Every structure is written in structure tokens, then in C-alpha cells.
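Here are the chains, one letter per residue:
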Amino acid sequence: MFIQTLPLDDDNRMQFLPGRQVLVSGSVRFNDPQQGRERSPLAARLFDIPGVKEVELGEDHVTITKTDDETHKALWIQLKPMVLAAVMDHYMSGLPVLLGGDAEATTSYSEDDQKIVDVIVELVDDRVRPQLQDDGGEVLFKSFDPTNGTVVLEMDSSGLSTPAFGTQIKIENTLKHFVPEISRVKFERMVDITETVDEGRPGLQTEEANQIRVLLETRINPAIAAHGGYISLIDIQDQTAFVEMAGGCQGCGMADATLKQGVEVEIKSAVPTIERVLDVTDHAGGSNPYYAGY
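Because the structure is a prediction, the values reported are computed rather than measured.

### Things to note about the environment of Asn173
Now for step 1: Within the secondary structure, Asn173 is located in helix H5 (residues 164-178).
Now for step 2: Since its relative accessible area comes to 16%, Asn173 is described here as buried.
Now for step 3: Measuring from C-alpha to C-alpha, the distance between Asn173 and Arg184 comes to 9.4 Å, with 11 residues separating the pair along the chain.

### Re the sheet that holds strand E7 (residues 150-156)
Now for step 1: The three strands are arranged E6-E7-E8 in an open sheet whose pairing can be described as mixed. Lying at the two open borders of the sheet, with one neighbouring strand each, are strand E6 (138-145) and strand E8 (184-188). Looking at each pair of strands side by side, their axes are set apart by 25° on average, direction ignored.
Now for step 2: The sheet contact formed by E7 and E8 spans five bridges and is parallel. When the bridges of E8 are listed, Leu153 appears paired with Phe187.
Now for step 3: Running at roughly 160° to E6, helix H4 (residues 111-134) makes contact with E6 and E7 of the sheet.

### Looking at the confidence of the model for the protein
Now for step 1: In this model, the protein carries an average pLDDT of 77, and 77% of its residues clear a pLDDT of 70 or more.
Now for step 2: Per-element confidence in the protein ranges from a low mean pLDDT of 75 for helix H7 (residues 255-270) to a high of 95 for strand E5 (residues 62-66).
Now for step 3: Here residues 101-107 is modelled with pLDDT under 50, and outside its nearest four sequence neighbours on either side it reaches 12 contacts, counting other chains as well.
Now for step 4: Scored below 50 in pLDDT, residues 190-200 shows 26 contacts in the model against residues more than four places distant or in partner chains.

### Comments concerning the pattern of salt bridges
Now for step 1: As enumerated under the stated definition, the model contains nine salt bridges in all.
Now for step 2: Salt-bridge contacts for Asp48 lead to Arg37; the nearest nitrogen and oxygen are separated by 3.3 Å. Of the two residues, Asp48 is situated in the loop between helix H2 (41-47) and strand E4 (52-57) and Arg37 in helix H1 (residues 33-39); the sequence distance between them amounts to 11 residues.
Now for step 3: Accessibility expressed as a relative area gives 55% for Asp48, which makes it exposed.
Now for step 4: Arg276 serves as the salt-bridge partner of Glu275, at 3.3 Å between the closest nitrogen and oxygen.

### Considerations on the nonpolar core
Now for step 1: Among the nonpolar cores identified, the biggest contains 26 residues, and Leu46, Val55, Leu57, Val62, Ile64 and Val97 are the most heavily contacted of them.
Now for step 2: Put simply, the parts of the chain that give this core at least two residues each are strand E2 (13-17), strand E3 (28-30), H2, E4, E5 and helix H3 (76-93).
Now for step 3: If one sorts the elements of this core by residue count, H3 sits on top with six residues.
Now for step 4: Counting residues in each nonpolar core, the second largest holds 20 residues, with Ile120, Val124, Leu153 and Val185 among its members.

### Observations regarding unusual backbone geometry
Now for step 1: A positive phi is found at Asp238, a non-glycine position, where the angle reads about 50°.
Now for step 2: With respect to the helices and strands, Asp238 occurs in the loop between strand E9 (229-237) and strand E10 (240-247).
Now for step 3: Positioned with a positive phi, Gln239 is a non-glycine residue whose angle comes to about 60°.
Now for step 4: Tracing the sequence through the fold places Gln239 in the loop between E9 and E10.
Now for step 5: The partly exposed category is assigned to Gln239, whose relative accessible area is 42%.

### Points about the packing of aromatic side chains
Now for step 1: Tallied over the entire structure, the rule returns one aromatic pair.
Now for step 2: Where Phe16 meets Trp76, the ring centres are 6.5 Å apart and the plane angle is 55°; that geometry is what we call tilted. Taken together, the positions of Phe16 in strand E2 and Trp76 in helix H3 put the pair 60 residues apart, joining distant regions of the chain.
Now for step 3: For Phe16, a relative accessible area of 1% gives the class buried.
Now for step 4: Note on Trp76: relative accessible area 15%, which makes it buried.

### Quick notes on the sheet that holds strand E1 (residues 4-7)
Backbone-to-backbone hydrogen bonds join strands into a sheet, with any given pair of strands oriented parallel or antiparallel.
Now for step 1: Judged by pairing direction, the sheet is antiparallel, and its five strands sit side by side in the order E1-E2-E5-E4-E3 without closing on themselves. Sheet topology places E1 and E3 at the edges, where each strand pairs with a single neighbour. Strand-to-strand, the axes of this sheet are offset by a mean angle of 20°, without reference to chain direction.
Now for step 2: The sheet contact formed by E3 and E4 spans three bridges and is antiparallel.

### Description of helix H6 (residues 207-224)
Now for step 1: Taking 1.5 Å of rise per residue, the 18 residues of H6 would be expected to cover 26 Å, and the 24 Å separating its terminal C-alpha atoms lies within 8% of that figure.
Now for step 2: Residue Leu216 marks the point of greatest curvature in H6, where the axis turns by about 45°.
Now for step 3: For H6, every residue scored as buried is listed here: Ala209, Ile212, Arg213, Leu215, Leu216, Glu217, Ile220, Asn221 and Ile224.

Here is what the cut-offs are and how they apply
Residues numbered from 1 in each chain as written. Predicted model: local features only at pLDDT ≥ 70, side-chain atom pairs only at ≥ 80, totals over all residues. Heavy atoms only, no water. Helix = DSSP H or I, 4+ residues; strand = E, 2+ residues; numbered from the N terminus. Buried < 20%, exposed > 50% of the residue type's maximum accessible area, 1.4 Å probe, protein only. Pairing = 2+ DSSP bridges. Axes fitted to C-alpha atoms, helices over the stretch in contact; angles between N-to-C directions. Contact = heavy atoms within 4.5 Å. pLDDT = per-residue confidence, 0-100. Salt bridge = Lys/Arg side-chain N within 4 Å of Asp/Glu carboxyl O. Core = buried A, V, L, I, M, F, W, Y, C linked by side-chain atoms within 4.5 Å. Phe/Tyr/Trp six-rings, centres within 6.5 Å; stacked < 30°, edge-to-face > 60°. Expected span 1.5 Å × (residues − 1). Bend = angle between axes of the 7 residues up to and from the residue.

Next comes the structure, spelled out in C-alpha cells:
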């Protein structure tokens, strides 16, 4: 198993994502160890760890709250490996997450599907997540639907220095490249999908810029995503919108036609004050370079 960990705003709480379904829906919180032991074999193992104060079970995660009082101040450096071991031991045991009437809500992946999930989680943890964190973002595996090949990732793009849409395309193509069973990657918990406004480019702070960003993210970029491309707004000056074409559009021989016959027409139609759309892409950077980052 490849269990991901996610520190939370409260230093006394940490989320553990086992890469397997915990509950089908909803969540259950145990702040009474005795109640937890009676209702959940998984919670029972976790409450056996000294320093565990509260256990919350969600659809794809287990959240632990540790003690932080004067008599017993637990440290994550000590708790974390014990929690990881307890979660792994539970899934190896074959026991349900919940007992009684809720036991049906603990079904997990089949053996073959779990092998696919393990590969996806390893890719996200070892290849995608570290580079996204270096760029100011965060991504975690949430679920995989083997019936249609859809992977759901939770992504925080609020601190990214690059457009979130382009980063998503890189991640999706990376996962599809290594796991052919994946047909689609969905992203949830998006915090911010717009570019950071550069104070040195006042054109990006205008209403026209906002309208173009919305157009790019809702109409243009989804249309060219199938070809691995995306377009971002760089600046607006003198009724001219400057854009950058990246992903599969960078170095593509059809980039100019895409811009003139599609993108420019769409932008000028939606934002009548824009008279020209110019491409500032370095197309000499090569074609389809989006694997390079991951």
C-alpha cells in the first residue's frame, strides 16, 4: 500500500489517504475511544496507539487528532509511522471498516483494480506531487472508477506559479502514459484556476482580462485539451491580447491556424474592445513537451 499523508491547518490533526475506499459516502467521527472500538475495527487499532485522541473516517481518508495537553504531548514524528502501520494492518486483515448496519459501506476495490490504484498512487506520490509542491501546489489521489477509467485527484492550485489548467494537462498525460487503463482525470477542490496577477502588467487587472480568462478556461482550453494543449493570457496592451500557447500547442505546426481561425475569433467576439490577439510562445521549445515536467 502507498498511504499519503496531508498535514492540516490544525497542527494536532493529520489526514491519511490509503488509496482505497474507506467509506462509500459520508464520514464517521469517534472522539470516544470505547465507542470507536465497538463500532470500527480500524478505529480500534488506531485508538490502541498512545496519543491518538480522535479518529474520523471519510470516503477516502482517515483523519487523526493527537493529544496536546501538558501531561501527554504527542509528536507526529512518533505517531505517524504507528498510524501508517495500523492502517496497513487493518486492510491486510480483511475486516470491515465499520461493524453492524454500516458494514456494507466499506467495500473496496477488487484485487486487480487495487493493483491499478497502487500504481496510480505511487505515480502521484513519487513523480507528480513533489514537483507540484515545488511549484507551490498540492495534489492527492482520491478515487479510481474502474468502470470508466476515471481517476479523481484533489488539487490545491492556489499557490501555483504556472496556470492550473496547463498543470492539470501535464498530470493527466503523465498518468495516462504510465497507466493505460486511465481514460480521464478529474480534479476536485480547486482553489484558484486563474493566473497570479502581476502588478507590473496592469492589463491583467482589467475587466477585459477577466473575461478572456473565463473564456479560456471554460471554452477554449477544454476544446484543445484533447490535443494536450492549453493557452494562457500573458498581458493586454493597446487593445491587444498577448497569449502563450503551451502543452501540445507549443511547437505544433497548426498553432498559427489555431490562433487565427479559432482563438482570436472567439476572444474578439466575446470581448469587442480587443482588436488583435498575438502569440508570444517560444515555439522553438519543441513539440509536446508536457512530459518533461513530470
